[in-house]
Amino acid sequence: MRAADVFAFCLGGLRGHRSRSLMLLLAVGIGVIAVNLLTGLGEGARTFVLGEFSVLGRNTLIVLPGRKETTGGMPPITGLAPRDLSVQDAEAIARLPGIRRVAPLQAGQMEVVVGNRNREAFTMGTTHEFFAIRQLDVAQGQPLPAMEMGRAESVCVIGGKLKRELFGDRQALGEWLRAGDRRFRVVGVLGERGESLGMDFGEMLIIPLANAQALFNREGLFRVFAEVRGPAFVESGKRQILATIKERHEGKEDITVISQDSMLAAFDDILAALTLAVAGIAAISLLVAGILIMNVTWIAVSQRTAEIGLLKAIGATAGQVRLLFLGEAALLALSGALAGLLLGEALLWLGRQAWGLPLHAPLWARVSAVLLALFTALLFAWLPASRAARLEPVVALRPAGAR
Amino acid sequence: MIRLRGVTRCFQLGEQRVMGLDDVDLDVAAGDYVAVMGPSGSGKSTLLNVLGLLDAPDAGEYWLQDEATAGLSEGRRAELRSRLIGFIFQSYHLIPRLTALENIELPMLLAGIDPAERRRRSSALVERLGLGDRIAHRPGELSGGQRQRVAIARAMIMQPSLLLADEPTGNLDSRSGAEVVALLEELNGEGLTLIVVTHDPSLGQRAARQLNMRDGRIIEDIQRERRDARG
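Because the structure is predicted, anything quoted here is derived from the model rather than measured. (Residues numbered from 1 in each chain as written. Chains lettered and ligands numbered in written order. Predicted model: local features only at pLDDT ≥ 70, side-chain atom pairs only at ≥ 80, totals over all residues.)

Chemist: Looking at this model, I keep getting lost on the overall build of chain B. Mind explaining?
Modeler: When helices and strands are counted, chain B shows seven helices and 10 strands. Of all 231 residues assigned to chain B, the portion counted as buried reaches 45%. Restricting to contacts in chain B with at least 6 residues of sequence separation, those with at least 24 account for 71%. (Helix = DSSP H or I, 4+ residues; strand = E, 2+ residues; numbered from the N terminus. Buried ≥ 20, exposed ≤ 12 C-beta atoms within 10 Å, placed from the backbone. Contact = placed C-beta atoms within 7 Å.)

Chemist: Any chance you could explain the overall build of chain A here in plain terms?
Modeler: Within chain A one finds 12 helices and 12 strands. Scored against the burial criterion, the 403 residues of chain A give a buried share of 41%. A fraction of 82% describes how many contacts in chain A between residues 6 or more apart in sequence connect residues 24 or more apart.

Chemist: What am I meant to see in the environment of A:T123 here?
Modeler: Residue and element names in this part refer to chain A. Relative to the helices and strands, T123 is located in strand β3 (residues 117-126). Classification of T123 by C-beta neighbours within 10 Å gives buried; the count is 25. For the pair T123 and F216, spaced 93 residues apart in sequence, the C-alpha to C-alpha distance is 9.8 Å. The residues touching T123, leaving out its near neighbours within four places in the chain, are A107, G108, Q109, M110, A179, L205, I207 and A212.

Chemist: Could you clarify how one ought to interpret the pairing of strand β2 (residues 99-114) of chain A in this entry?
Modeler: Every regular strand shows the same layout, with side chains that alternate between the two sheet faces. All names here are of chain A. Bridging between β2 and strand β11 (residues 223-228) involves six bridges; their strand directions are antiparallel. What sits directly across from A103, in β11, is F225. The pairing of β2 with β3 spans nine bridges and is antiparallel. Across the sheet, Q109 pairs through a bridge with F122, a residue of β3. Adjacent in sequence and paired antiparallel, β2 and β3 are bridged by two residues, among which G115 carries a positive phi angle near 60 degrees. (Pairing = 2+ DSSP bridges.)

Chemist: Would you take a moment to explain helix α1 (residues 3-16) of chain A for this structure?
Modeler: In a regular helix each residue adds 1.5 Å, so 14 residues correspond to 20 Å; α1(A) covers 20 Å between its end C-alpha atoms and thus fits that length. Residues A:D5, A:F9, A:C10, A:G13 and A:L14 constitute the buried set of α1(A). (Expected span 1.5 Å × (residues − 1).)

Chemist: Explain the sheet that holds strand β1 (residues 2-13) of chain B to me, please; I cannot follow it from the model alone.
Modeler: Paired through backbone hydrogen bonds, the strands of a sheet run either parallel or antiparallel to each other. All names here are of chain B. Across the sheet, four strands lie side by side as β2-β1-β4-β5; this open sheet has antiparallel pairing. Either end of the sheet is taken by a strand with one partner, and the two such strands are β2 (16-28) and β5 (67-68). The pairing of β1 with β2 spans nine bridges and is classified as antiparallel. Bridge pairing in β2 links F11 to V18. Lying on the sheet, helix α1 (residues 44-51) is in contact with β1, β2 and β4 (59-64); it crosses β2 at an angle near 60 degrees. (Axes fitted to C-alpha atoms, helices over the stretch in contact; angles between N-to-C directions.)

Chemist: I tried to follow the nonpolar core on my own but got confused; where do I start?
Modeler: Grouped burial of nonpolar side chains is what soluble globular proteins tend to show. By size, the foremost hydrophobic cluster in this structure holds 122 residues, and its most contacted members are A:V32, A:V35, A:I293, A:A373, A:A377 and B:V36. The biggest single contributor to this core is helix α11 (residues 363-390) of chain A, with 12 residues. A:C156, A:V157, A:L177 and A:L205 belong to the second-largest nonpolar core, a separate cluster that totals 51 residues. (Core = buried A, V, L, I, M, F, W, Y, C linked by C-beta atoms within 7 Å.)

Chemist: Quick question: what am I supposed to make of the UniProt feature "transmembrane region" (unreviewed entry) in chain A here?
Modeler: Residues and elements named next belong to chain A. Per the UniProt annotation, the sites labelled "transmembrane region" (unreviewed entry) are residues 21-41, 270-301, 321-343 and 363-383. Along residues 21-41 one finds 100% helix and 0% strand; the C-alpha atoms at either end are 29 Å apart. Along residues 363-383 the backbone is 100% helical and 0% strand, and the end-to-end C-alpha distance reaches 31 Å. (UniProt positions renumbered as here; feature names shortened; annotations may be inferred.)

Chemist: Which parts of the structure should I look at to understand the sheet that holds strand β7 (residues 162-166) of chain B?
Modeler: All names here are of chain B. On the basis of which strands lie adjacent, the open sheet formed by six strands has the order β6-β7-β8-β3-β9-β10 and mixed pairing. Of all the strands in the sheet, the pair left with one neighbour each is β6 (85-88) and β10 (217-223). Between one strand and the next, the sheet's axes are offset by a mean angle of 15 degrees, whatever the strand orientation. Pairing between β7 and strand β8 (residues 193-197): five bridges, direction parallel. Bridge pairing in β8 links L163 to L194.

So, in structure tokens, the structure goes:
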């Protein structure tokens, strides 16, 4: 038989049993959509998280007080509370040769009041270096003024969202706001950058470090951002920081230094595994579609015994009969898979528009979804198609009642 | 053309063994016109199925055009069915979703004949059988007589040398039936071997040779002077 004729005959077979074909098309389509949507979501989450961490920059190290063991094991029972990271520690890090700039950080929730409007805001005490390290975009005014870490000055920079909530459409630059029991003059408003690394800069109040220490009545630093001079300095910078702090903390290595790469690697592994798991779950729906194809092909063979008998009587071989039934299943699976692929892409596109997340089904997911659909269809149609091929023409041609 | 020696075919119906064919010997020459008659269950249809390679005998030998058919592969049997044998059924067995033309061309499709040649052959045949204006219709839109003519066209399209008809007029009114019989006899007149299974004595008596069957055996084999086809 010519391939074009097989195709036309199978297509005719599918169109001749419209509701059956539509049902299977739907099953396969849903399976393929599931694979693409779920991997798209998984990959989207991965790209999003990685993108968020990339904002940190390859050259940024984060210094946290306390030793965070990632290798497991019990925490020490003889509870020696870790030493605080002090401003002096941050200054010592800033003097290291491989370090370009350092931003100490103190943070907490604080009630912010302007006139009769007030709200809780995440308040960060830091220096002007922080703006450079985190590449914060100041839409109006200036970042915090460059000055020594220990100096206090009653100025602040506020996030765009916070500005709207406190000042509405009024000009905020030069105005005063009250945070806790102190007053600060707004010198800058951040652009609409939104969430990054779990911090929503839009709702943030940024004040000089010394003011924050006084406001929160806490000397110890929340963390220290350190930017090395280049990617080559990341590892040496880490070592230098650890060594310096150990020296300053009487020989105890009681800090943790995180680089973007180490964080990325951990998250990447977790999220890639997540995507795979989700793809696996979706693949099960394709398997279900395959079983449905088997059932329906089985019914089709029973319903079409007369046709099979006739085909054999007019010269079809067993192989041809099997080919025709497998062809129908394959055609069905392919069109279902393509429809699912298109619909899945459309849904992912909608998701991108709606949430702005980078939702893309990876190529391997798309290809394997289509191949898996085809494979399960052929696998599960094989049994009923072989039954059709084996049917004795005499039996098949007998009128339905006498079979 | 056809030679059967000691052909036996039994069926198991529940506890009972039924002899579909019991030690049948038969020779049919090319161009013969044979009617097979007998009561239900006498083995007429089994004989036709064996002759058409739709069924294989349990014992005995069957030569079709000097080729022994015992032990032939499924592929070879399919090929012989395709090339040598045309089938006509009481209930037409047209595929409902295909048009009349597509039904007629189906055997050529299975044989892998290219579309241009298919068109050429089918249009000649369609013309001859007077189906010209009906070929785009599906079987459901055709009368019984038209359906059977489509089925005959399908049986003839591969230019077989043996035409096997199982009650070809069984579902037709007498006028359509007479037309179908006339068509079959015309084809036989051109040298095609025609074997018709029928209950209808008037149809049986038209044939040059009449076989009467009972309990799987041929009990009577009447050779008759060929009547005028329109007699």
